Amino acid sequence: MTTYTPMIQQYLAVKAQVPDAFLFFRLGDFYELFFDDALNAARELEITLTGREGGASERIPMCGVPHHAAEAYISRLVSKGYKVAICEQTEDPATAKGVVKREIVRIVTPGTVMEEKALNGTNNVFIVGLTAEEGLIGFSACDITTGELYTTQFHSLEAAIDEMLVYSASELLIQPAMKQEIEQLSLVWTKQVAISVSNDAHDSSLGAIFELEQWAKVPAIERSAILFLLTYFQQTQKRNLSHIRQINSYKAKQYMMLDAFTRRNLELSETVRDRAKKGSLLWLLDATATASGARMLRRWVDKPLLDKLVIETRLDAVSAFVSDMLLRDDVRMHLKEVYDLERLIGRISYGNANARDLRMLQVSLEQVPGILQVCSNSNAEAIQQLVDGLDACADITALISSAIVDEPPLTIKEGGMIRQGYHDELDRLRSLSAGGKQWIAELEQIERERTGIRSLKIGYNKVFGYYLEITKANLAALPEGLYERKQTLANAERYVTPELKEKEAIILEAEDKRTGLEYELFTALREQIAGQLPRLQRLAEVISKLDVLQSLAEVSARNRYVRPHISEGFDLRIEQGRHPVIEAIDKDKVFIHNDSMLSRGERVTLITGPNMAGKSTYMRQVALIAVMAQIGCFVPAVSAHIPIIDRIFTRIGAADDLIGGQSTFMVEMKDIQVMMDRATERSLVIIDELGRGTSTDEGMAIAQAVIEHLHNRIGCKTLVSTHFHELAHLEDTLADLRNYRMSVKESGNEVTFLRKLVPGAASTSYGIYCARIAGLPQSIIERSYALLNQPDSAVKKSYAEVQQIKLFDEVVQEKPNETNEVYQEIITALTELDLLSTTPIQAISMIDAWKKKLN
């Protein structure tokens, strides 16, 4: 058995408490990592791996980071999904007997990060907790940087995970029984989410942080999920989280349901191609002036409303801002001076706010009276109601102003942050310290005149205190025995005098008392402000809401959007609708507008026509206009009558699931299955190129069956595009289906896509023309047209029979016998291939093997 030194034994004992986290073990001015933590951290952080003796026969792997720079390293690890446990010295090394006591003071996880370097000001950092009881799933989501807490419940784990993805959670806390199913579901997540498993009993006493009346209204399963999270916070953060005090309990049916694939396909908050904000609906609508407003806007976009009254209330406020540009500009002017109130409040409660944070809070609060005056003086009732009775927290502004200097230092333990006149004893100590330093300056001048050495200076450091320093070139001019030698340097000597020592003691004592008193005064001030958190949080919420409303108004006015008419009926009518994002990205290009009508007698629109003609763009714009209307924004159209839509489903674009071994067609069918299972009469279903990915006959059969099911059984509003223009006959048998096509202009051999939706079915898909535009060889284009113009029986010949294609002519002529044998072998393999049971990876391997044989 290996015998380690006492310090390493202590390390191992602490590490055993956090086996799933990197342990930052404090040793002097460094955090050190040992054993596997050192090996892994050196790789992840790209820092030097060393070793040390620890009692073992071999050197123990070791690496470390400076204490003052640890935040950056912790942030890098947490951003990669790791946890970091911070172990500090809890007793003074000078008085410790044996190994200095150490303990974990905090565990930083992806969902509990508070370090500024790890935070994006415009994004929330949510951690989601799930509990299961009696067939229900309790759901809670919390951002400890802002104190926001949301909770609801679901009947299935899959539905709860859909909601977790809406919050774009950084960490998911689950019970052990959920682990296997969660790991299976996580295979298709597009965002990295750290999964933490906890079997600890919930600390029911933590519910006392909420008002009793509020806590009693929360359903039992939701209380369970909240306590699950709070217990985890207690174990990892080990400090007060009093800013988490407002529970936002909601029912899933209060918001439009948008699964992860629909949000991705519609590019609500990020683009499909590079997952960037630019090019998304959020990017278009974001003209916010504050970080908290930007985060609220993201939540609105992710969760459109289903309550007509609340939607209309938002639209009233947006309308007021749209019609009054001066009001909008005045509010924006004040908002631009407001810092991130929510996170400032969070840091104050958490106990890691510094003097600069309080100063930023003061500057932000100083803007509130101006905002209140501008809004109260407006003629818009919706704006007046929003700020009516709002507490400007003027007393908190005055308190900070009287205590904190205008430009405080970053650290809170070295003084210099409390204003003169705030505290009498501090002023006295500051005067003593300043007087002592003035005495030092005067002594320096006296000693220069006394010795005749003009370069003589009095300096200070923490090790030797105050000293007189004389360069070696001037030592000959120094009278013998005048000073007491203290330290020898390469180019100078340092001395002290009894008088200097005496004054040093007075100065340092005053300095220590001053900095200590400043720290005490600051922490007391911070705690005093923390006691006013409910007032500040209410103010922050209103400021954020004002910012979002003015942002929606700014974008609406700039782009000539109109107020939608919201109804609880069925019919959707959009006159001259436009795709908001595409229009904004390419401002120099005229966007072709289109009308939309989905009514009781015309609720299924079947769109045929060529690729590249604008079918996908048109269908997306209908969905985006509905989303915009239900978050309370104006929409890009001449007029829009939007019914309350409970869910939007989209199937747009190809998406192989390579990891799961599923083809594009299989993924499409699974998406269709979800739509058939969950859609209601109030839903909007959008399916692009229904039935592709399999044979023509089977694809058309499936497409027809799906359309009939949507029409006959679900009865929802439906937009379907297909390249099977043969399906146009469905208009004759399905009463509420109408054929539409994307208009095309033909001129000789040239085709122009007009991107205009017109009644009627397309007669061709223009596939060969699209192939020509894509740049396929002319020989293939010519052969394709030749085959297309032959009778059906000729087109259906096996590929082996059609050997005249020019693509293969040169190969056959060069090596006729060998090539024909390989060719026949490949054709035989293709004929016998079962496409539906072949995974994409297997197909790629077979194609690679055939390519090598042909070469």
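Residues numbered from 1 in each chain as written. Predicted model: local features only at pLDDT ≥ 70, side-chain atom pairs only at ≥ 80, totals over all residues. Heavy atoms only, no water.

## Notes on the environment of Asp29
When you line up the elements, Asp29 lands in the loop between strand E1 (22–27) and strand E2 (30–34). By relative accessible area, which is 59% here, Asp29 ends up exposed. Along the primary structure Asp29 and Pro66 are separated by 37 residues, whereas in three dimensions their C-alpha atoms are 6.1 Å apart. Contacts of Asp29, omitting those with residues within four sequence positions, involve Pro66 and His67. (Helix = DSSP H or I, 4+ residues; strand = E, 2+ residues; numbered from the N terminus. Buried < 20%, exposed > 50% of the residue type's maximum accessible area, 1.4 Å probe, protein only. Contact = heavy atoms within 4.5 Å.)

## Thoughts on helix H18 (residues 424–451)
Here H18 contains 28 residues, and its C-alpha end-to-end distance of 40 Å stays within 8% of the 40 Å for a straight helix at 1.5 Å per residue. When we look at burial in H18, the residues that qualify are Leu426, Asp427, Leu429, Arg430, Ser433, Gly436, Trp439, Ile440, Leu443, Glu444, Glu447 and Thr451. In this structure, the buried side of H18 is in contact with strand E13 (457–461), strand E14 (465–471) and helix H19 (498–530). Of the residues flanking the end of H18, it is Gly452, one or two places downstream, whose phi is positive at about 80°. (Expected span 1.5 Å × (residues − 1).)

## Observations regarding the pattern of salt bridges
All chains considered together, the criterion is met by 45 salt bridges. Within this structure, Asp427, Arg430, Lys437, Glu511, Arg514 and Glu518 form a network of salt bridges that share partners. (Salt bridge = Lys/Arg side-chain N within 4 Å of Asp/Glu carboxyl O.)

## Remarks on the side chain of Glu493
By secondary structure assignment, the location of Glu493 is in strand E16 (residues 492–496). One polar contact links Glu493 to Thr488, side chain to side chain, over a distance of 2.8 Å. Residue contacts for Glu493: discarding those within four places in its chain leaves Leu468, Glu469, Ile470, Lys472, Leu475, Arg485, Gln487 and Thr488. (Polar contact = N/O pair within 3.5 Å; in protein donor to acceptor, adjacent residues only side chain to side chain.)

## Describing the sheet that holds strand E3 (residues 50–52)
Pairing is mixed in the open sheet, where six strands are placed in the order E3-E4-E2-E1-E5-E6. Edge positions in the sheet fall to E3 and strand E6 (102–108), since each of these pairs with one other strand and no more. Averaged over all pairs of adjacent strands, the angle between their axes in this sheet comes to 35°, without regard to strand direction. As judged from the three bridges shared by E1 and E2, these two strands associate in the antiparallel manner. Bridge assignment links Phe25 to a residue of E2, and that residue is Glu32. (Pairing = 2+ DSSP bridges. Axes fitted to C-alpha atoms, helices over the stretch in contact; angles between N-to-C directions.)

## A closer look at the packing of H18 against H19
Interaxial distance between H18 and H19 falls to 9 Å at its minimum, and their mutual angle equals 150°. In this view, H18 runs roughly antiparallel relative to H19, as classed from their interaxial angle. Regarding H18 and H19, the two cross each other, and that crossing is left-handed. Contacts between H18 and H19 pair Glu425, Leu426, Leu429, Arg430, Leu432, Ser433, Gly436, Lys437, Trp439, Ile440 and Leu443 from the former with Glu499, Leu500, Lys503, Ile507, Ala510, Glu511, Lys513, Arg514, Leu517, Glu518 and Leu521 from the latter. (Parallel < 35°, antiparallel > 145°, perpendicular 65-115°, else oblique. Left-handed = near helix turned anticlockwise from the far one by under 90°.)

## Focus: the sheet that holds strand E10 (residues 171–174)
Strand order in the open sheet formed by six strands is E11-E10-E7-E8-E9-E12, with mixed pairing between adjacent strands. What marks the edges here is a single partner per strand, and that holds for strand E11 (194–197) and strand E12 (247–249). Across the sheet, the axes of successive neighbouring strands diverge by a mean angle of 20°, strand direction being ignored. As defined by bridge partners, strand E7 (residues 127–133) adjoins E10 across three bridges and the pair is classed as parallel. Across the sheet, Gly129 pairs through a bridge with Leu173, a residue of E10.

## Here we look at the packing of aromatic side chains
Counted by the stated rule, this structure contains 15 aromatic pairs. With a centroid separation of 5.8 Å and an interplanar angle of 80°, the aromatic rings of Tyr4 and Phe35 are classed as edge-to-face. In this pair, Tyr4 is assigned in the segment before helix H1 (6–15) and Phe35 in helix H2 (residues 35–45), connecting sequence segments 31 residues apart. Classification of Tyr4 by relative accessible area gives partly exposed; the value is 23%. Classification of Phe35 by relative accessible area gives partly exposed; the value is 21%. The interplanar angle of 80° and the centroid separation of 5.9 Å between the aromatic rings of Phe139 and Phe154 together place this pair among those described as edge-to-face. Here Phe154 lies in strand E9 (residues 148–154) and Phe139 lies in strand E8 (residues 136–143), a separation of 15 residues in the sequence. You'll find Phe139 and Phe154 in the same group, each marked buried. The ring of Tyr31 carries Arg26 above its face, with NZ or CZ at 5.6 Å from the centroid. (Phe/Tyr/Trp six-rings, centres within 6.5 Å; stacked < 30°, edge-to-face > 60°. Lys NZ or Arg CZ within 6 Å of the ring centre and 35° of its normal.)

## Observations regarding empty space enclosed by the protein
A probe as big as a water molecule, rolled over the atoms, marks out the empty space that is left. With the rule as written, the count across this model stands at two cavities of 30 Å³ or more. There is about 80 Å³ of room inside the largest cavity. Residue lining of the largest cavity: Asp162, Glu163, Val166, Ala252, Tyr255, Met256, Met257, Leu258, Asp259, Asp302, Lys303 and Arg647, and that is the complete set. Class assignment for the residues of the lining of the largest cavity results in six nonpolar, no polar and six charged. (1 Å grid on protein atoms, 1.4 Å probe; cavity = no way out; pocket = protein on both sides within 12 Å on 5 of 7 lines; lining within 4 Å. Points joined across faces, edges and corners; volume = space filled by probe spheres on them. Nonpolar A, V, L, I, M, F, W, Y, C, P; charged D, E, K, R; others polar.)

## With respect to the layout of surface pockets
One number sums up the size of the second largest pocket: a volume of about 1,400 Å³. Around the second largest pocket, the lining comprises 30 residues; the ones closest to its centre are Tyr31, His67, Glu71, Glu115 and Asn352. Elements that contribute at least two residues to the lining of the second largest pocket include exactly helix H3 (70–79), strand E5 (84–89), E6, helix H13 (341–350) and H19. Considering every element that reaches the lining of the second largest pocket, the biggest residue donor is H3, with three residues.

## Regarding the environment of Ala287
Within the secondary structure, Ala287 sits in the loop between helix H9 (281–285) and helix H10 (291–302). Between the C-alpha atoms of Ala287 and Glu554, which are 267 residues apart in sequence, the distance is 6.9 Å. Not counting residues up to four positions away in its chain, the partners in contact with Ala287 are Arg332, Gln550, Ser551, Glu554, Val555 and Arg558.

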